[in-house]
Amino acid sequence: QVQLVESGGGLVQPGGSLRLSCAASGSISSSNVMGWYRQAPGKQRDLVALMSSGGTTTYTDSVRGRFTISRDNAKNTVYLQMNSLKPEDTAVYYCNAKMYSGGIYSPAYWGQGTQVTVSS
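Quick summary incoming for the structure in this document.

As a further point, take the nonpolar core. Within the largest apolar cluster, 29 residues are counted, with the highest numbers of intra-cluster contacts made by Leu4, Trp36, Leu80, Met82 and Tyr93. For this core, the secondary structure elements donating two or more residues are β1 (2–7), β3 (18–26), β4 (31–39), β5 (46–52), β7 (67–72), β8 (77–82), β9 (91–101) and β12 (114–118). Met82 has contacts with Gly16, Ser17, Leu18, Leu20, Arg66, Phe67, Tyr93 and Val116, leaving out every residue within four places of it along the chain.

Before going further, it helps to examine the side chain of Arg38. Counting through the fold element by element, Arg38 comes out in strand β4. Overall, Arg38 belongs to the buried group, its relative accessible area being 14%. Among the polar contacts listed, one links the side chain of Arg38 to the side chain of Ser62, at a separation of 3.3 Å. Leave out the neighbours within four places in its chain, and Arg38 touches Gln44, Arg45, Asp46, Val48, Ser62, Val63, Phe67, Asp89, Ala91, Val92 and Tyr93.

Reading the values: the criteria
Residues numbered from 1 in each chain as written. Predicted model: local features only at pLDDT ≥ 70, side-chain atom pairs only at ≥ 80, totals over all residues. Heavy atoms only, no water. Core = buried A, V, L, I, M, F, W, Y, C linked by side-chain atoms within 4.5 Å. Buried < 20%, exposed > 50% of the residue type's maximum accessible area, 1.4 Å probe, protein only. Helix = DSSP H or I, 4+ residues; strand = E, 2+ residues; numbered from the N terminus. Contact = heavy atoms within 4.5 Å. Polar contact = N/O pair within 3.5 Å; in protein donor to acceptor, adjacent residues only side chain to side chain.

Printed below as a string of structure tokens:
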């Protein structure tokens, strides 16, 4: 089992910045993928950004150039630096992790979610 604890959400004005953190604990494999999804009210949960333990990153088009995902493998922590925030970035942000072992990925683990609200 893997536990994910997020922090860093809040209220910010358009154009502002926030940094989310997600610390993983439990059965962490050396190869894994960690990242962020978000869910706005009435909408499905969508990918924001992912980063593998080897450093490969994936971003959804709407955040590329504004958001940066990074991680500290020694701390099993993934970060999401969000700059130039827009009202449409408002959502609950969920940390996501998959462990890779024996040639297969585990089912996804999820954090409890942290609210990000972009409003003036």
